[in-house]
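# Architecture at a glance
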Amino acid sequence: MSKKTNIQRRKAIEILLHSLIPKIDIIWDASWAYSPARKTIIGDANNLSIISTLHEYAHARTEWISDFDSEKKKELAACAISVGIFREIFPKSYARLEWNGHMLQMPEKSR
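So, here is what we can say about the structure in this document. (Residues numbered from 1 in each chain as written. Predicted model: local features only at pLDDT ≥ 70, side-chain atom pairs only at ≥ 80, totals over all residues. Heavy atoms only, no water.)

## What to know about the nonpolar core
Ranked by size, the top nonpolar core spans 11 residues in total: I13, L17, I21, I24, I26, W32, Y34, I41, L48, Y57 and A60. Of all the elements in the fold, those that place two or more residues in this core are α1 (3-20) and α2 (50-61). With sequence-adjacent residues up to four places away left out, I26 is seen in contact with E14, L17, H18 and I41. Counting residues in each nonpolar core, the second largest holds 6 residues, with I51, V83, F86 and L97 among its members. (Core = buried A, V, L, I, M, F, W, Y, C linked by side-chain atoms within 4.5 Å. Buried < 20%, exposed > 50% of the residue type's maximum accessible area, 1.4 Å probe, protein only. Helix = DSSP H or I, 4+ residues; strand = E, 2+ residues; numbered from the N terminus. Contact = heavy atoms within 4.5 Å.)

## Focus on the sheet that holds strand β1 (residues 25-29)
Taken together, the 3 strands give an open sheet; going across it, the order is β1-β3-β2, and neighbouring strands pair in mixed fashion. At either end of the open sheet lies a strand with only one pairing partner, and these are β1 and β2 (33-35). Mean inter-strand twist for the sheet, computed between neighbouring axes without regard to direction, equals 25°. In this structure, β2 lies alongside strand β3 (residues 40-44), joined through 3 bridges in antiparallel fashion. Bridge pairing in β3 links Y34 to I41. (Pairing = 2+ DSSP bridges. Axes fitted to C-alpha atoms, helices over the stretch in contact; angles between N-to-C directions.)

## Some remarks on unusual backbone geometry
The phi angle at K39 is positive, at roughly 50°, despite the residue not being glycine. The topology assignment puts K39 in the loop between β2 and β3. K39 sits in the partly exposed class, given a relative accessible area of 43%.

## Considering the side chain of E14
Tracing the backbone shows E14 in helix α1. At 4.1 Å, K11 is the nearest oppositely charged side chain to E14, a buried residue that forms no salt bridge. Within polar-contact distance, the side chain of E14 engages the side chain of W28 at 2.5 Å. Setting aside residues up to four positions removed in sequence, E14 forms contacts with I26 and W28. (Lys, Arg positive; Asp, Glu negative; His and termini not counted. Salt bridge = Lys/Arg side-chain N within 4 Å of Asp/Glu carboxyl O. Polar contact = N/O pair within 3.5 Å; in protein donor to acceptor, adjacent residues only side chain to side chain.)

## Some points on the pattern of salt bridges
With the rule as written, the count across this model stands at 1 salt bridge. A salt bridge links K74 to E71; its shortest N-O distance comes to 3.0 Å. In this pair, K74 and E71 both sit in helix α3 (residues 71-89), 3 residues apart, roughly one turn of the helix. For K74, a relative accessible area of 19% gives the class buried. Residue class for E71 comes out exposed when judged on its relative accessible area of 57%.

Below, the structure written as structure tokens:
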């Protein structure tokens, strides 16, 4: 992916997230994460992913996730939300993916 395309896709992700959560901060780094203390979604600048975007959105938007008593439960809830949204919006793309543990990925032969 060209540098220009990467920047355009990052901007599209930022627009999407700001339309869903206007007061969220978004920074680009080397991995995906959500910082509740900073109210910041951290995106992987070199691995743009709509599912990862939705996953971090789920962490940021659903305050009830923080009520779970373990990090594993929080993570699985965010996975269920992000994959569920992706499956509803992109059913054909979802059908092409394979499960690897709790993550969806392109099949090995497609990478």
